[in-house]
Every structure is written in structure tokens, then in C-alpha cells.
Amino acid sequence: MTLSSPRFAAASVLCCALAAGLAPMHANADPGQTWYLSAAAAAGGNGTEATPFNTLQAVQQASGDGDTIIVLAPPVGTPPLDGGIALKPGQHLLGRQAPGAVAAVANTTAANDGDAVRLAPDTEVRDLTVTSARRGGIYGHNVGTTVLAGNTVAATNSACHDGFVVQPFPPMIGVPFGMSLPVTPNVVALNNGWAAIMIDSDAGASALTIERNTVHDTACGDGIDVRTTGTAQVTATITDNLTQNINEGIAKLSVLALGMQSTGASSLTAAVRGNTQRGIALPANDPLNAVADSEGIFVNAADRARMRITIDRNSYRHGGGHLSANGIEFVTSNGTPDSEVMLTNSEFLDVPGDIVQNLNLSAEGARHVMIIDGLTASGSSFPGAALNPLVPGNLGSCLFSASFGRDNTTALTLRNARLSRCSADGIGVYAYSPAGPAPATATMRFDIADSTVADSTVADLHVRTVGDLAQLTGKVERSRFAGPITLGRSDSTLGAGSVLDFGGGRLGSAGDNCFAPTTAAAMAAPNLPLDQPGSWPVCG
């Protein structure tokens, strides 16, 4: 225990009290004291560096608000400190590493709901290793200003508790038939296992820093999740984290390497930079992963929430799962949330399903905007080409952008993208509008520039509408499509101003695109309103 000089007098009084038998051996410390513990320490320690505690329970009882707890690295082969710890407000839990050894904790018990570290408001956890947990490795609720940095978390949620739930959305029963049918209730929801690192907020303001953490080999569930609901207002910086070998687990329908969600009237503003996902839901690690709905990054908005998410320099490689496995999915489930995602300078490689998904599933009038500038997406594998004319999503497109509401606002901006080896479409844009008595107000917009699509099994660009839209606009310039372009609609009308502009048209496209030799014939009588450039340069 380190005592600063201003506390010397208080320490002297405490020593006298102890000598007189008037105070317990492990009385709560004054705020700001430092306590030590080690899995290799002898029983009966007093929390000083010379004689540290040897249990998490002892330091939890002795420490007070604002204190620092230092976990010393024991000799290699020493079991971790078990039983979990619940921090107090303002505390700092720090691991002190040693050559070849780590400062490690675990929770194989039901204490603290099975969490290895339970956060409190304004706490910090740094350079700690969590070797296993019945539920979460690090978990907190309404944590204020909290920092999680440099931690390693593994083998969490061995009890397979439910955690993140993808918010309910309506099934699109008319899609396979190309028919606009009345909207159905929000009955589809997907449960995930509890995340290794998870922060929940339902009230007040929080500022989160989650950086340089490694999460690996989860037993049942997600890597890192941040969820807001109620009236919470959260800002988060999520930087340079590695998640790998994340496993879906039994009786779960989805698994996320990095998940963010806002519901209720809450808001989440997050800067997500330099993160890496590797080996997500691989069947070689767990046979259950063969049917996993796995996601590298997952952004989910619902109710009346507001989300502003910026993602930069993300690297995703090698994921498993079934047709709905994605490198990144941005999805609005229901309600009227206002959500935007900006993705820049990122790569997503080798995933079964659509590599990048931008989905507005709400039937209630949500605003949903995705902006991409600098993307490499390559190597989808689900053999969905035969089903593509009926169900254009979740079949292995490199990028799929869709709206499924009669009153939604949905937009995609794509710049400087390289899309290749797509087992379905290169770029799929799909607008489905359920039938309804009032005029449709839904708008669907896409804007593509300076991008290349190659080696698509179906079409390099596939635009399709089903049902009524107030407006469909698409602008394409300075881009290369060496494969087919497919434009179609069914059971639908399009409002005034609907147009696709490939050059020199009403939307101001600069043109300078090149196409496959068959494109000119396919565009001679398009099923969607098209401003023709007069010629269709062939890609060399």
C-alpha cells in the first residue's frame, strides 16, 4: 500500500488504532490509496506491496472509492485470482506484468453474475488478463467516464448467458415472390452470447475509451459490445482492439466480434479506429459455427435512437458461418431511429455471406445513411447465385444495400472501393416497399464513384425495386464494371425525379465509366428510368 506524504499523519493515527485493537486489520482505506494483490501471496497479507492480498475478495472488501488496485504477476503456472471483483466508483484496476508472466484474474463462480470484473462509474481497467469467466470478462452498466486499455480477455461466458439481442424486425415475406405485400409485425430477433467486454447504458452520459484490448476464444458469444437504451447519451472511442476466434455457442443465433446498438431514445457516437477481426466463427474451432450468423462489425439501431458511428482502418479477415455471415453489417431494425455510419480505409476479406451489408429493415420510417470511402471487399463464398433473382441479399454479394419500408430514407455513398470475387452480385441495391393505403414516401439513393467491381458471379451492379417508392436515384461515375449490370422492378411505381445517371444526366454524373461489352444491349430498354450517356465505353 503506497501512502503519499500528505497522508502520513492519518496513517500514524491508523497504526495506533490498530495497535490498540480499535480497528480491524483490513479497514477501508482513505480514497486514493494503492493496494496490491498476488495469486502467489501467502494468506493473511495486508495489501501492501511487501505483503499483498491473495484473494480478490479481500481487496474488494478493503479498498474504497478512488483507490488503485495493482494485480502483481505471479510465477508462471500459478492459477489466476478467482471469484471476480466488483469495483467501486473511481477505482483503477491495473495489472503489473513480469517477463513471461501475466497479472491474471478469472471467475469460475456465480459471484457478480459470473463476471470476472464488474465496473463502477469512472473506473479504469488496464493491462489485466482475464483467463475465463462464467459470464463476462469485463462488464459495466452506466459507467460514466471509463477506460479499458491493454487487457486480454479469453474463454468468457462458459455458462452461455444471452447478451446482445439483434432488435426485432419484420419478415419480408413478399421478397421471394417479387410482390409488395402488407407489412408484418416485428417478430424476428436474434440472440447473442454475452460479450467478453460489454458496456450497457440506459441513463445519463458516459464517455468510454476501449483501446488496445485483445479478446479471443470466447466460449459462447461476442467479443466487444457497447449498448445504449433508455435516455443514455454515450460517446465511445474504440481503438486498436483485436478480436479473434469468436464462437457463437449453443442455442444462439448470432455472434459479433464488435457490436454497437442503440434503442429507446438513447444516442451513441463512436469513433472506431484501427480494429482487427480474425477467425470469426470458424467451424474448425466449434462445429456450431457452421450455422453461425457471424459479424465482424455490427451496428444496430431501433426505436427512436440516434447513432453516429465512424469506422476507420478496420481489418477483417477469414470468417465462418452461414449465408448471413458478414464482414460488416449496419442494420436498422424497427422504429424511427436516425443513424449514420461512415466507413473509411478498411478491408473485409473472406466471409461466406454479403461482405458489406447496409440494411434499413424498419417499416416505420427510419433514416439510415452509410458513407464508404476507401474499401476493399473480396472473397464471399456462399453459393447463392441461383437464388439471387428471388432473394438478392444474404447470398454472397460484396456489398448489399437495401430498404424494406414504405416510408424510409435510405442512402449509400461509395467511393474508392475495390470489390472482387463476389459469389453473388458485386453491388446489390434493393428497395422493397410493403403495400399500404397511403402514398409511399420512401426514398432510396446510391452514389458510386471511383470504384471497381470484378469477378462477380451474378452482376457487377444489380438494382431492383419491389413496391412503390417516392423516389429512386442512383449516380455512377468514374467506375469500372467488367461484368453484367441488371436493372429491374416489379409490382411497383416510382415517383417523380426517379432516375439512374451513368453520365451526363440529371444527377450530374461525370460519366467516365466503363462496362462489359454486353451492357449496351442490356441498357437499351431498361426497367428503371435511366439517363443514357449516348455510348457505353467498354472496359479494356
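Throughout what follows, the structure given in this document is the object of discussion.

Structural notes on the pairing of strand 2 (residues 68-72)
Of all five residues in strand 2, five are buried; the element is thus mostly enclosed. Taking every second residue as pointing to the same face, both faces of strand 2 are buried, with Thr-68, Ile-70 and Leu-72 on one and Ile-69 and Val-71 on the other. As paired strands, strand 1 (residues 34-38) and strand 2 are joined by five bridges and run parallel to one another. Across the sheet, the residue bridging to Ser-38 is Leu-72, located in strand 2.

Concerning the environment of Ile-448
Within the element layout of this structure, Ile-448 appears in strand 33 (residues 443-449). For Ile-448, a relative accessible area of 0% corresponds to the buried category. Among all residues touching Ile-448, those that are not within four sequence positions of it are Leu-414, Arg-415, Ile-427, Leu-461, Lys-475, Val-476, Glu-477, Ser-479 and Phe-481.

A short note on the packing of aromatic side chains
Here the structure, examined in full by the defined rule, presents nine aromatic pairs. A centroid spacing of 6.2 Å and a plane angle of 40 degrees characterise the contact between Phe-404 and Tyr-432, whose relative ring orientation is tilted. In this pair, Phe-404 sits in the loop between strand 30 (399-403) and strand 31 (409-422) while Tyr-432 sits in strand 32 (residues 427-432), placing the two residues 28 residues apart along the sequence. A residue is classified by how much of its surface remains accessible, and Tyr-432, at 4% relative accessible area, is buried. Members of the aromatic cluster, connected to one another through ring pairs, are Phe-400, Phe-404, Tyr-430 and Tyr-432. The residue whose ring lies beneath Arg-135 is Tyr-139, and the NZ or CZ to ring-centre distance is 5.2 Å. Geometry around Trp-194 places Arg-135 over its ring, the cationic atom sitting 3.7 Å from the centre.

Things to note about the state of the cysteines
Summed over all chains, the structure comprises three disulfides. Each disulfide pairs two cysteine sulfurs, and for Cys-398 the partner residue is Cys-422, the sulfurs being separated by 2.0 Å. The disulfide joining Cys-398 to Cys-422 has a torsion of about -100 degrees about its S-S bond and is therefore left-handed. You can see Cys-398 sitting in the loop between strand 29 (367-380) and strand 30 and its partner Cys-422 sitting in strand 31, a full 24 residues away along the chain. This pair shows no difference in class: Cys-398 is buried, exactly as Cys-422 is. Disulfide partner of Cys-514: Cys-539, at an S-S distance of 2.2 Å. Torsion about the S-S bond of the Cys-514 and Cys-539 cystine: about 95 degrees, corresponding to right-handed handedness. Placement of Cys-514 in strand 40 (residues 514-515) and of Cys-539 in the segment after strand 41 (530-531) is noted, with a sequence separation of 25 residues between them. On the basis of relative accessible area, Cys-514 is assigned to the buried category, the value being 15%. Note on Cys-539: relative accessible area 14%, which makes it buried.

Considering the environment of Glu-211
Inspection of the secondary structure puts Glu-211 in strand 15 (residues 205-211). When neighbours within four sequence positions are excluded, Glu-211 is seen to be in contact with Arg-126, Leu-148, Ala-149, Gly-150, Thr-239 and Asn-241.

Some remarks on the side chain of Ser-38
Mapped onto the secondary structure, Ser-38 falls in strand 1. Owing to a relative accessible area of 8%, Ser-38 belongs among the buried residues under this scheme. Side-chain polar atoms of Ser-38 contact the backbone nitrogen of Ala-40, separated by 3.1 Å.

What about the side chain of Ser-451?
One can find Ser-451 in the loop between strand 33 and strand 34 (452-456). Taking relative accessible area as the criterion, Ser-451 reaches 3% and is therefore assigned buried. A polar atom in the side chain of Ser-451 sits 3.1 Å from the backbone nitrogen of Ala-417. A distance of 2.9 Å separates a polar atom in the side chain of Ser-451 from the backbone oxygen of Ala-449. Contacts of Ser-451, omitting those with residues within four sequence positions, involve Leu-414, Arg-415, Asn-416, Ala-417, Arg-418, Arg-478, Ser-479 and Arg-480.

Re the nonpolar core
Val-117, Met-260, Ile-309, Leu-375 and Ile-427 are the most contacted members of the largest nonpolar core, which has 99 residues in total. For this core, the leading source of residues is strand 31, giving five residues. Those residues within four positions of Leu-375 in sequence are excluded, and the remaining contacts are Leu-343, Ser-346, Phe-348, Val-356, Leu-399, Leu-414, Asn-416, Ala-417, Arg-418 and Leu-419. Formed by 17 residues, the second largest nonpolar core is a distinct cluster that contains Val-175, Leu-190, Leu-359 and Tyr-430.

What about unusual backbone geometry?
Excluding glycine, residues mostly have negative phi values, and the peptide bonds linking residues are mostly trans. Backbone geometry places Ala-251, a non-glycine residue, at a positive phi of 60 degrees. Mapping Ala-251 onto the fold places it in the loop between strand 19 (242-244) and strand 20 (255-262). Its identity as a non-glycine residue notwithstanding, Asp-303 has a phi of 60 degrees, on the positive side. Relative to the assigned elements, Asp-303 resides in the loop between strand 23 (294-301) and strand 24 (306-312).

Some thoughts on the pairing of strand 22 (residues 276-280)
Where strand 19 and strand 22 come together, three bridges link them in parallel fashion. Residue Leu-242 lies in a different strand from strand 22, and its bridge partner there is Thr-276.

Things to note about the pattern of salt bridges
Per the counting criterion, the structure on display carries 20 salt bridges. Between Asp-162 and Lys-252 there is a salt bridge, with the nearest N and O atoms lying 3.2 Å from each other. Here Lys-252 lies in the loop between strand 19 and strand 20 and Asp-162 lies in strand 12 (residues 162-169), a separation of 90 residues in the sequence. On the basis of relative accessible area, Lys-252 is assigned to the buried category, the value being 8%. The closest approach of N and O atoms between Arg-415 and Asp-447, which form a salt bridge, is 3.2 Å. Of this pair, Arg-415 sits in strand 31 while Asp-447 sits in strand 33; the two residues are 32 residues apart in sequence, bridging distant segments of the chain.

The rules behind these values
Residues numbered from 1 in each chain as written. Predicted model: local features only at pLDDT ≥ 70, side-chain atom pairs only at ≥ 80, totals over all residues. Heavy atoms only, no water. Buried < 20%, exposed > 50% of the residue type's maximum accessible area, 1.4 Å probe, protein only. Helix = DSSP H or I, 4+ residues; strand = E, 2+ residues; numbered from the N terminus. Pairing = 2+ DSSP bridges. Contact = heavy atoms within 4.5 Å. Phe/Tyr/Trp six-rings, centres within 6.5 Å; stacked < 30°, edge-to-face > 60°. Lys NZ or Arg CZ within 6 Å of the ring centre and 35° of its normal. Disulfide = S-S within 2.5 Å. Polar contact = N/O pair within 3.5 Å; in protein donor to acceptor, adjacent residues only side chain to side chain. Core = buried A, V, L, I, M, F, W, Y, C linked by side-chain atoms within 4.5 Å. Salt bridge = Lys/Arg side-chain N within 4 Å of Asp/Glu carboxyl O.

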